[in-house]
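Letter by letter, the chains look like this.
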Amino acid sequence: MTEDFEAVLERRLRPGATTPLAVGFSGGGDSLALLRLALAWAVARGRPVLALTVDHGLNPASAGWTADALAKARALGADARALRWTGDKPSTGVPAAARAARHALLAAAAREAGARVLLLGHTADDRLEAARMRAEGSTTSDPRSWGPSPAWPEGRGVFVLRPLLDARRQALRDWLSEQGETWLEDPANDDLRFARARARAALAREDAVVASEARVSAPTVAFEGEHALRLPRAASAVQVAAACLCAAGTTTPPRGERLERLVSRLRSGETFTATLAGARIVADEAGALFVREAGEGGRSGLSPLVLAAGETGVWDGRYEVTASDAPTTIRPLGGLASRLPADESQALKAFAASVRPVLPAAVDALGGVSSPILAGDGTIRARVLIRERFEAATGLIDQEPAT
Ligand SMILES: Nc1ncnc2c1ncn2[C@@H]1O[C@H](COP(=O)(O)OP(=O)(O)OP(=O)(O)O)[C@@H](O)[C@H]1O
């Protein structure tokens, strides 16, 4: 077990890195095994481990569980931090909402601590359960051993590593028991109102075989001046979905019939312009160009981002912007371009017409307009997230990046 675990960490983590390794630690058996293994590996390499525990506030006992988890993590030698889900709880779909909130909290805390990788304790049993739930009609996806955090924009720059994906839950528990460990059993795991608990109960009665993880090949991709993506027309559905997601800066990739239709139109060689999930796709002989759909503004996205002096925020899921020493509002450049200073108007000419209206513009308290992408003085800084996100989503970044 230890050798398999170490092999995964050696493969994915950057040699010599000294930044903290974040671990999602619920206090349950899987993540206790994960934390112990991660500590043994990291301490030998001089890397600090930060255990993060999310209190979902869904059970009256959860504050006590969280306090116990923090105490346990610290006793084992990790730094530890509690995070609390304070948002409104929906009346239905609680597990999915809790999961989304958990991913956002874990990723934001990992990033804040300077960690680029967050370890999670999913096991082979989680993959079996996901397969069983899909067989019963759910859209549950397979946990993957490596990939970007699904939380956006909170998880930008953070990768999730699941080093226990080939280990069986019972083997981990036996290993913990041999070391005299005890752990918390979350009662929600046995609550048969949840599809996950039903799948778990059904699998406990069977000898299941774990299939190996599917591999996704990296695409040939070109970046159009960082603000748009170009894919070959033969790109796979996974790549097309990722291109829509990253060019549009949204949180949910397209899937199902609409995605299939776009992929088959691309394969057909037809020249067309289409929109999907917030992206505009222009297909010609040269390939397919993916840009943020400017007309989306009325429905969602492209909404203004108000920043206080010096504050950093993400506008439209595509640009990380840091205000100068004055407050500013970030809006789409479309409709404001005529108010740009002359040098910026000149610089704008170098951009494709489809990209111009969806670039960020900064509007100051007096109504002055400037674009952090075009301005030479760099007082308001902007980082384009499109490329980095696409590379992470399609497996082009397969190891812990440098900070
Ligand atoms: N409350 C929590 N605090 C911190 N980490 C957690 C918490 N709950 C789960 N995790 C992390 O996520 C891993 C998987 O747990 P679990 O299977 O409950 O999560 P999940 O996200 O619901 O799974 P899935 O991705 O299959 O929906 C755990 O091993 C642990 O690393």
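Residues numbered from 1 in each chain as written. Predicted model: local features only at pLDDT ≥ 70, side-chain atom pairs only at ≥ 80, totals over all residues. Heavy atoms only, no water.

Draft legend 1. How the structure looks around the site of the ligand. Close to the ligand lie 15 residues; Gly-24, Val-54, Arg-99, Arg-102 and Arg-196 are nearest. For the ligand, a nitrogen atom lies 3.4 Å from a polar atom in the backbone of Phe-25. Between the ligand and the protein, one listed contact pairs an oxygen atom with a side-chain N or O atom of Arg-102 at 2.8 Å. Burial of the ligand by the protein amounts to 82% of the accessible area it has alone, namely 610 Å². It is strand β2 (residues 49–55) that contributes the most residues to the shell around the ligand, 3 residues altogether. Looking at the shell around the ligand, its residues break down into 4 nonpolar, 7 polar and 4 charged. (Near = heavy atom within 4 Å. Polar contact = N/O pair within 3.5 Å; in protein donor to acceptor, adjacent residues only side chain to side chain. Areas by Shrake-Rupley, 256 points an atom, 1.4 Å probe, with all protein chains shown as cover. Helix = DSSP H or I, 4+ residues; strand = E, 2+ residues; numbered from the N terminus. Nonpolar A, V, L, I, M, F, W, Y, C, P; charged D, E, K, R; others polar.)

Draft legend 2. Here's a closer look at the side chain of Thr-250. Within the secondary structure, Thr-250 sits in the loop between α8 (237–248) and α9 (256–268). Ignoring sequence-local partners within four residues, the contact set of Thr-250 consists of Trp-152, Leu-245, Ala-277 and Arg-389. (Contact = heavy atoms within 4.5 Å.)

Draft legend 3. The packing of aromatic side chains, seen in detail. For the structure shown, the criterion picks out 2 aromatic pairs. Ring geometry for Trp-146 against Phe-159: centres 4.9 Å apart, planes inclined by 5°, an arrangement best described as stacked. With a gap of 13 residues between them, Trp-146 in strand β5 (residues 146–148) and Phe-159 in strand β6 (residues 159–161) connect regions that are remote in the sequence. Note on accessibility: Trp-146 and Phe-159 belong to one class, buried. The lysine or arginine in question, Arg-265, covers the ring of Phe-272, its NZ or CZ lying 4.0 Å from the ring centre. (Phe/Tyr/Trp six-rings, centres within 6.5 Å; stacked < 30°, edge-to-face > 60°. Buried < 20%, exposed > 50% of the residue type's maximum accessible area, 1.4 Å probe, protein only. Lys NZ or Arg CZ within 6 Å of the ring centre and 35° of its normal.)

Draft legend 4. Region of the structure containing helix α4 (residues 94–112). In a regular helix each residue adds 1.5 Å, so 19 residues correspond to 27 Å; α4 covers 27 Å between its end C-alpha atoms and thus fits that length. Listed as buried for α4 are Ala-98, Ala-101, His-103, Ala-104, Leu-106, Ala-107, Ala-109 and Ala-110. Of the surrounding elements, those touching the buried residues of α4 are β1 (21–24), β2, β3 (79–84) and β4 (117–119). (Expected span 1.5 Å × (residues − 1).)

Draft legend 5. Local environment of the sheet that holds β1. Taken in spatial order, the 6 strands make up an open sheet running β3-β2-β1-β4-β6-β5, and their pairing is mixed. Edge positions in the sheet fall to β3 and β5, since each has one partner strand and no second. Neighbour to neighbour, the strand axes of the sheet diverge by 30° on average, direction disregarded. Docked against the sheet, helix α3 (residues 62–76) engages β2 and β3, running at close to 175° with respect to β2. (Pairing = 2+ DSSP bridges. Axes fitted to C-alpha atoms, helices over the stretch in contact; angles between N-to-C directions.)

Draft legend 6. Broad picture of the domain arrangement of the protein. One can read the domain layout of the protein as domain 1 (2–213), domain 2 (222–297 + 388–392) and domain 3 (303–383). Inter-centroid distance (C-alpha atoms) of domain 2 to domain 3 is 24 Å. The partner domain 3 presents 12 residues to the 13 residues of domain 2 that form the contact. Each partner contributes to the roughly 860 Å² buried at the junction of domain 2 and domain 3, and carbon and sulfur atoms together form 59% of this total. Of all residues in domain 2, His-227, Val-291 and Arg-292 bury the most surface against domain 3, accounting for 55% of the area lost on that side. Remark: the boundary between domain 2 and domain 3 carries 2 salt bridges. Residue Glu-388 is joined to Arg-383 by a salt bridge in which the shortest nitrogen-to-oxygen separation is 2.8 Å. Across the contact surface, domain 2 and domain 3 share 3 residue pairs in polar contact (both at pLDDT 80 or more). (Domains from an automatic or database assignment. Buried area = accessible area lost by both parts, 1.4 Å probe. Salt bridge = Lys/Arg side-chain N within 4 Å of Asp/Glu carboxyl O.)

Draft legend 7. Focus on the sheet that holds strand β12 (residues 305–307). Here we have 4 strands laid out as an open sheet, ordered β12-β15-β16-β17, and antiparallel in their pairing. Edge positions in the sheet fall to β12 and β17 (369–370), since each has one partner strand and no second. Of the strand pairs in this sheet, strand β15 (residues 328–332) and strand β16 (residues 360–363) are connected by 4 bridges, and their pairing is antiparallel. Its bridge partner being in β16, Thr-329 is matched across the sheet by Val-363.

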